[in-house]
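A look at the structure
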Amino acid sequence: MPDKTYIYKCPSCNRLFKEISLISGNFSNNKTYSDLKKLPSMRFGAICLMSCFHCNHSFWLNKLKPINAFEPFDELPLKYANLAHPFFADIDAYFNALYSDLCENLNEEFFIRINIWWSYNDRLRANRNMFIDDNDKLDWLNNTKKFIDLLNPNNSSHKMMRAELHRNLGNFDKSLEILNTIHLKKYDKLKKAMINECYNKNNLLFKL
Ligand SMILES: [Zn+2]
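Criteria and cut-off values
- Residues numbered from 1 in each chain as written.
- Predicted model: local features only at pLDDT ≥ 70, side-chain atom pairs only at ≥ 80, totals over all residues.
- Helix = DSSP H or I, 4+ residues; strand = E, 2+ residues; numbered from the N terminus.
- Expected span 1.5 Å × (residues − 1).
- Buried ≥ 20, exposed ≤ 12 C-beta atoms within 10 Å, placed from the backbone.
- Contact = placed C-beta atoms within 7 Å.
- Pairing = 2+ DSSP bridges.
- Core = buried A, V, L, I, M, F, W, Y, C linked by C-beta atoms within 7 Å.
- Domains from an automatic or database assignment.
- Axes fitted to C-alpha atoms, helices over the stretch in contact; angles between N-to-C directions.
- Parallel < 35°, antiparallel > 145°, perpendicular 65-115°, else oblique.
- Left-handed = near helix turned anticlockwise from the far one by under 90°.
- Nonpolar A, V, L, I, M, F, W, Y, C, P; charged D, E, K, R; others polar.

1. Concerning the overall build of the protein
Check the secondary structure of the protein and you find seven helices and six strands. Along the chain direction, N to C, the helices and strands of the protein fall in the order β-β-β-β-β-α-β-α-α-α-α-α-α. For the protein, the spread of C-alpha atoms along the principal axes amounts to about 60 × 35 × 30 Å.

2. What to know about helix H3 (residues 106-125)
With 20 residues, H3 should cover 28 Å at 1.5 Å per step; its first-to-last C-alpha distance of 28 Å lies within 8% of that length. By the burial criterion, the buried members of H3 are Phe111, Ile112, Arg113, Ile114, Asn115, Ile116, Trp117, Trp118, Ser119, Tyr120 and Asn121. Of the surrounding elements, those touching the buried residues of H3 are strand S3 (49-51), helix H2 (91-98) and helix H4 (134-150). Backbone geometry just after H3 places Asn127 at a positive phi near 60 degrees.

3. Thoughts on the sheet that holds strand S4 (residues 58-60)
Spatial ordering of the open sheet is given by S4-S3-S6, a layout of three strands whose pairing is antiparallel. Edge strands, defined here as strands with exactly one partner in the open sheet, are S4 and strand S6 (87-88). Pairing of S3 with S4, which is carried by three bridges, proceeds in the antiparallel orientation. Residue pairing for S4: Met50 is matched across the bridge by Phe59.

4. Thoughts on unusual backbone geometry
Positioned with a positive phi, Asn14 is a non-glycine residue whose angle comes to about 70 degrees. Checked against the element boundaries, Asn14 lands in the loop between strand S1 (2-9) and strand S2 (16-22). Despite not being glycine, Asn127 shows a phi value in the positive range, around 60 degrees. Within the element layout of this structure, Asn127 appears in the loop between H3 and H4.

5. So, the nonpolar core
Judged by nonpolar contacts, the single largest core of 16 residues is most densely connected at Leu49, Met50, Ala89, Tyr94, Ala97 and Ile112. Elements with a contribution of two residues or more to this core: S3, H2 and H3. Broken down by element, the residue count for this core peaks at seven residues, all from H3. Composition of this core by domain shows at least three residues from each of domain 1 (2-88) and domain 2 (103-199). In terms of nonpolar packing, the next biggest core, distinct from the first, is built from nine residues, Met160, Met161, Ala163 and Leu190 among them.

6. Here we look at the packing of H2 against H3
It is at 9 Å that the axes of H2 and H3 come closest, and there the two elements cross at 155 degrees. As the angle between them shows, H2 and H3 are arranged roughly antiparallel. Seen from above, H2 lies across H3 with left-handed handedness. Where H2 abuts H3, its residues Ile91, Tyr94, Phe95, Ala97 and Leu98 lie against Glu109, Ile112, Asn115, Ile116, Ser119 and Tyr120. Considered class by class, the residues forming the contact of H2 with H3 number eight nonpolar, two polar and one charged.

7. Structural notes on the environment of Lys4
Within the secondary structure, Lys4 is located in strand S1. Between the alpha carbons of Lys4 and Pro72 there is a distance of 5.0 Å; along the sequence they are 68 residues apart. In contact with Lys4, not counting residues within four places along its chain, are Ser21, Phe44, Ala69, Phe70, Glu71 and Pro72.

8. Quick notes on the domain arrangement of the protein
Domain boundaries in the protein define domain 1 (2-88) and domain 2 (103-199). Taken residue by residue, the interface counts seven residues in domain 1 and eleven residues in domain 2. Here the side of domain 1 that touches domain 2 is composed, by residue class, of three nonpolar, two polar and two charged.

Set out below in structure tokens:
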């Protein structure tokens, strides 16, 4: 369900764009993937890295102050009606953000690294090759290791992600070791499937 429409100004090129916030909504699909991917949140104020449609500059949408806001189903003034939407950052934009002033704290680093991980897996979800070349694979490897270090070893959803990341790295024993410490019922089905894939020595994303 749509919420308000916000009008923003790109901090780099100053062009206006519009974004429609979504009320927590039921817009995620029902498929469960082994990387627990959720769609980036478009709720107003939720952490979200986007890129400008015009100049490709990346920015945290949650840190921009809207210059105008409209209620759902309001008719937008003509000057705003045809504004472009920004788009979610891609792998390059996430890496650039990581090594720039844009990444200011651990929360932001967490957001960027999980989205890098999911973005590589998105290629598999789209039936494409996971890596473009050896450098691309090396970038993935570095991110995977650093993301593991950011995860809390005592939190169940983090444990699921740590187990999955170790499986992705081919550390099947480590993955099994972590999976055997997870006892939350909501992860039962996925946990069983992940244990199976560890025994099959499959390190790739799979759909439940
Ligand atoms: Zn711009």
